[in-house]
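Residue-level structure breakdown
As a plain string of letters, each chain reads:
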Amino acid sequence: MKKVVKFGGSSLASAEQFRKAGSIIRNDSARRYVVPSAPGKRNPDDIKVTDLLYQCYKQAILHDDSEHDFEELLEKIKERYQEIIDGLKLDLSLEGEFRTIRENFTKKAGRDYAASRGEYLNGIIMAAYLGYEFIDAAEVIRFGENKEFDAEKTNEILAERLKHTEKAVIPGFYGAAEGGKIVTFSRGGSDITGSLVARAVQADTYENWTDVSGFLIADPRIIPNARSIEVITYRELRELSYMGATVLHEDAIFPVKKAGIPINIRNTNQPEDKGTLIVEATCQKPRFIITGVTGKKDFASVTVEKAMMNSEVGFCKSVLEVFEKNNVSIEHMPSGIDTMTIIVHQDEFQEKEQKVLAGIHRAVEPDLLELESDIALIAVVGRGMKATRGTSGRIFSALSHANVNVKMIDQGSSELNIIIGVRNHDFEEAIKAIYDIFVTTQL
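Here's a quick rundown of the structure. Along each chain, residues carry numbers from 1 onward, in the same order as the chain's sequence is written. In keeping with the model being predicted, local features are shown solely for residues with a pLDDT of at least 70 and side-chain atom pairs are shown and tallied solely at 80 or more, while totals for entire chains, interfaces and linings include all residues. As a rule here, side-chain values cover all heavy atoms of the structure and leave hydrogens and water aside.

Quick look at the packing of aromatic side chains now. Aromatic pairs are defined between Phe, Tyr and Trp rings, using the six-membered ring for Trp, whenever the two ring centres lie within 6.5 Å; interplanar angles under 30 degrees are classed as stacked, those over 60 as edge-to-face, and all others as tilted. Counted under the stated rule, the structure contains 11 aromatic pairs. Considering the side-chain rings of Tyr57 and Phe105, the 5.3 Å spacing of their centres and the 80° angle between planes classify their relative orientation as edge-to-face. Placement of the pair is Tyr57 in helix α2 (residues 49-61) and Phe105 in helix α4 (residues 95-106), with a sequence separation of 48 residues. On the basis of relative accessibility, which here comes to 0%, the residue Phe105 falls in the buried class. Summarising the aromatic geometry, the rings of Tyr120 and Phe134 are spaced 5.7 Å apart at their centres and angled 75° between planes, so their arrangement reads as edge-to-face. Of this pair, Tyr120 sits in helix α5 (residues 111-130) while Phe134 sits in strand β3 (residues 133-134); the two residues are 14 residues apart in sequence, bridging distant segments of the chain. Look at Tyr120 and you get buried, because its relative accessible area is 12%. Put simply, the rings of Tyr57, Phe70, Phe105 and Tyr113 pair up and form one aromatic cluster. Here Arg26 stacks its cationic end above the ring of Tyr129, 4.6 Å away from the centre of that ring. Positioned above the aromatic ring of Tyr120, the side-chain terminus of Arg117 is 4.3 Å from the ring centre. By the criteria applied, helices consist of DSSP H or I runs no shorter than four residues and strands consist of E runs no shorter than two, each listed in order from the N terminus. Under the scheme applied here, a residue whose accessible area is under 20% of the maximum for its type counts as buried, over 50% as exposed, and between as partly exposed, the area being computed with a 1.4 Å probe on protein chains only. Placement of a charge over a ring requires the Lys NZ or Arg CZ to be within 6 Å of the ring centre, with the centre-to-atom vector within 35 degrees of the ring normal.

Right, let's get into the packing of helix α1 (residues 15-26) against α5. In this analysis, axes come from line fits to C-alpha atoms, helices being fitted only over the stretch in contact, and the angle between any two N-to-C directions falls in the range 0 to 180 degrees. Axis separation between α1 and α5 bottoms out at 11 Å; the angle between their running directions is 55°. Here α1 lies oblique to α5, going by the angle between them. Judged by the sense of rotation from one axis to the other, the crossing of α1 with α5 is right-handed. Touching Phe18, Arg19, Ala21, Gly22, Ile25 and Arg26 of α1 are Asn122, Ile125, Met126, Tyr129 and Leu130, all from α5. Angle categories are assigned with fixed cut-offs, so that under 35 degrees is roughly parallel, over 145 is roughly antiparallel, 65 to 115 is roughly perpendicular, and the rest are oblique. In this scheme, a crossing is called left-handed if the near helix is turned counterclockwise away from the far one by less than a right angle; it is called right-handed if the turn is clockwise. Contact criterion: two residues are considered in contact whenever any of their non-hydrogen atoms come within 4.5 Å of each other.

This part is about the sheet that holds strand β4 (residues 142-143). Pairing is mixed in the open sheet, where 3 strands are placed in the order β4-β6-β7. What marks the edges here is a single partner per strand, and that holds for β4 and β7 (182-184). Pairing geometry for β4 and strand β6 (residues 174-177), over 2 bridges, is parallel. Within the sheet, the bridge partner assigned to Phe143 lies in β6 and is Ala177. The pairing criterion for strands is at least two bridges between them, as found by DSSP.

Among the secondary structure elements, Glu321 is positioned in helix α10 (residues 315-325). Glu321 gets classed as partly exposed once you look at its relative accessible area, which sits at 28%. For the pair formed by Glu321 and Val356, sequence separation is 35 residues and the distance between their alpha carbons is 9.9 Å.

Attention now goes to unusual backbone geometry. We note that Lys108 has phi near 60°; this positive angle belongs to a residue other than glycine. Under the relative-accessibility criterion, Lys108 is labelled partly exposed at 45%. Of note, Asn403 is a non-glycine position whose phi angle comes to about 60°, a positive value.

Another point: α10. Phe315, Val319, Val322 and Phe323 are the residues of α10 that are buried. The buried side chains of α10 occupy one side of the element, clustering within an arc of 95° when seen end-on. In this structure, α10 carries Lys317, Glu324 and Lys325 as exposed residues pointing more than 90 degrees from its buried face. Directly after α10, the chain includes Asn327, whose backbone phi takes a positive value near 55°. Here the arc refers to the directions that run from the helix axis out to each C-beta atom.

On to the nonpolar core. Of all hydrophobic cores here, the largest spans 119 residues; its most connected members are Phe105 and Ile434. Broken down by element, the residue count for this core peaks at 10 residues, all from α5. The contact partners of Phe105, leaving out residues within four places of it in the chain, are Leu53, Cys56, Tyr57, Ala60, Ile61, Phe70, Tyr113 and Ala114. In this structure, Ala300, Val322, Val328 and Ile342 belong to the second largest nonpolar core, which totals 17 residues. The nonpolar core is taken to be a set of buried Ala, Val, Leu, Ile, Met, Phe, Trp, Tyr and Cys residues, with the residues joined through side-chain atoms within 4.5 Å.

Another aspect to go through is the pattern of salt bridges. Here a salt bridge means any side-chain nitrogen of Lys or Arg lying within 4 Å of a carboxyl oxygen belonging to Asp or Glu. One pass over the full model with this rule turns up 26 salt bridges. A salt bridge links Arg199 to Glu152; the shortest N-O distance between them is 3.4 Å. One end of the pair, Arg199, is in helix α7 (residues 190-201); the other, Glu152, is in helix α6 (residues 151-163), with 47 residues separating them in the sequence. Exposure remark for Glu152: the relative accessible area of 42% places this residue in the partly exposed category.

Sheet architecture is open: 5 strands sit in the order β13-β12-β14-β16-β15, paired in antiparallel fashion. A single partner strand is all that each edge strand has here, and the edge strands are β13 (339-345) and β15 (406-411). Strand after strand, the sheet turns through a mean of 35° between neighbouring axes, direction not considered. With 7 bridges connecting them, strand β12 (residues 292-305) and β13 associate as antiparallel partners. The residue of β13 that forms the bridge with Thr303 is Thr341. Contacts from helix α8 (residues 234-242) reach β12, β14 (368-381) and β16 (417-423) within the one sheet, and its direction differs from that of β12 by about 65°.

Below, the structure is given as structure tokens:
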């Protein structure tokens, strides 16, 4: 058995959290490859080390009297790590590492380099604590000259390096271009590193340890004590992540999906919880018809109406080209016989709305153009919906009883999800109504 374990920032924020992570790793000999994040917040008022590094680097490259601030911030970061080292009673010094960081900050090594040091230093500590080999991610995670991630090259290098390595710590979040210049993934990218390592070693499981016991069916800020999801497919997760679920970086799915490796989301503070298992496919029937309900606010809709538009070849293409020319991305596009509606992000669209509307008039000469703002999109996702009759009816019945007016509905051909548009101010009530009808009433 081979398991790759990734620990998030909250799981490694202090010596106490490090000990929890160490206990989890040592309790299962299959947990042979560890991917650490940078130290996160120790309490709600604390600052993540990555954010401190960004601040420190900003001060380092300013040409004014800010050198004092730079040194103070660097010392603050150093103290955070020393506190962990002392708490773990390790015979370890990071003095040399901090000298190198100070020099490279002064030489303007780049924001990516600055941000990556959080994971790099935590990796050194974790390797010393566990007695595992430390492998710098810059040696095995490869990016191209334009910062494009090179998945195949990375897999080739990682697989060869780890083939003869029994136990290793590989820091998350960053890699390097061919010349050695540090490049980072987007925030939360340690999840991606974990999945890359899992693919390279052909792990049996990729365990992602964080501060929650897996995915919840709904946002706990809207539904207190929301039920957890025991098993979810990659496709369901993709739909929920796209619409706002944020436990796992969505790009972390692809490397392990390609290799057929399941992901297990676990809670460092409650290791006895099974968490959520993410798989490619499963015969296991979900406990509830829906797997999850989530969404986002602040969308706008542009409805184009024209009699007999369905008989005009290239009508939709002409409308969409207007959005493309104005560099506006499209979220959804429900349509009727004589109408089509384009859903866009409101903040992205506002500055360009008049250009887009004028462009549509010129392109297709519509009978009517209607613009609506402050729309929220809600995704109801679940593999159980396909085999259940009347799912849409139950959703709309629940929303009607909650006095929520539905502005839009868009159902994919896979029957895996239904997208519903409501007013921003009805968003929370709509989530509650859907959760109640499919979960609370079934308990």
